[in-house]
Amino acid sequence: MSESGGPQTIKEFEDRLLEVAGGLPKRLKQCADYVAGNKDRIAVSTVAEMAEGAEVQPSAFMRFCQIMGFSGFSEMQKLFRESFVGGWPDYSTRLQHLREKAEGSPSALLAEFVEAGRLSLENLVKTVDPLAMEAAVKQLSEARMIHIIGLRRSFPVASYMAYAFEKMGVPAMLHSVVGRLDNHHAIREGDALLAVTFSPYSTETLDLVEQVRARGIPVVAVTDTVVSPLRRMGATLLSVSEVDFGAFRSLSATLCLAITLSVAVGTARQDG
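To start, this report covers the structure provided alongside it. Keep in mind that what you see is a predicted model, and the values were worked out from it rather than measured.

Basis of the calculations
- Residues numbered from 1 in each chain as written.
- Predicted model: local features only at pLDDT ≥ 70, side-chain atom pairs only at ≥ 80, totals over all residues.
- Heavy atoms only, no water.
- Phe/Tyr/Trp six-rings, centres within 6.5 Å; stacked < 30°, edge-to-face > 60°.
- Helix = DSSP H or I, 4+ residues; strand = E, 2+ residues; numbered from the N terminus.
- Salt bridge = Lys/Arg side-chain N within 4 Å of Asp/Glu carboxyl O.
- Buried < 20%, exposed > 50% of the residue type's maximum accessible area, 1.4 Å probe, protein only.

1. Comments concerning the packing of aromatic side chains
For step 1, the next point in the chain: Applying the stated criterion to the full structure yields four aromatic pairs.
For step 2, the next point in the chain: Relative to Phe-64, the ring of Phe-61 has its centre 5.8 Å away and its plane inclined at 55°; by these criteria the two rings are tilted. In this pair, Phe-61 and Phe-64 both sit in helix H4 (residues 58-67), three residues apart, roughly one turn of the helix.
For step 3, the next point in the chain: Of the aromatic side chains, those joined through ring pairs into one cluster are Phe-61, Phe-64 and Phe-73.

Quick look at the structure:
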């Protein structure tokens, strides 16, 4: 911790965020949720911009910083800026240059999405929890059958993992909830559930996780924040932060994590 009591590393920051998030009043909870899903913005944003993103007043966001153990937003921002020394790209400058050269052109749009994907991948390398990854691979590789659910924006990730498991000969079943059928009775003792969901979290996915956890079925979750409701349900959490571009959010890091997890599980089953 720093002299003011704030976290000194990103890991300490995430631990502190997880510790306080559950007991915060509504406005401060909005701050926690926004920060959890947008840690990449802290180093390059003003307190007014962070408050606007969380839909609260700047004073409320400052209060949140203090609850996190910092003297204010500047000290919290300093932690994130120092964490990316030598590696933090000048994102806003690059985007401005692209707009000046080719505003609205397909090539400029492609460049912006590529940059968002690159940032997401760099963040993944720095923030993925190796112990959680090892635990997830163990749970899934030991399962008789892996059940996979990921709806709406998460569906491409879930369907790709089902495809990868099929190619590696890993027994897996993709739950699509077509016709409002959740097929939860197909999940038996000895199986495991792999859930993929991002804020705002799919109700169907959360319901299925809750049902199978009540039966003692292990759950591995790929999600976007350390304060995801899946953690409260006892899932093994693999959190991934994506950089968004406008109204769209990159899936580069999520798909990279999904491919890594699939191959690791397939390899572990073969070795076992």
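2. Details of the pattern of salt bridges
For step 1, the next point in the chain: Summed over the entire model, instances satisfying the criterion amount to six salt bridges.
For step 2, the next point in the chain: In this structure, Glu-19 engages Arg-16 in a salt bridge whose closest nitrogen and oxygen atoms are separated by 3.3 Å. Here Glu-19 and its partner Arg-16 are both found in helix H1 (residues 10-21), three residues apart, which amounts to about one turn of the helix.
For step 3, the next point in the chain: By relative accessible area, which is 59% here, Glu-19 ends up exposed.

Spatial relationships are all this shows, so hold off on functional conclusions.
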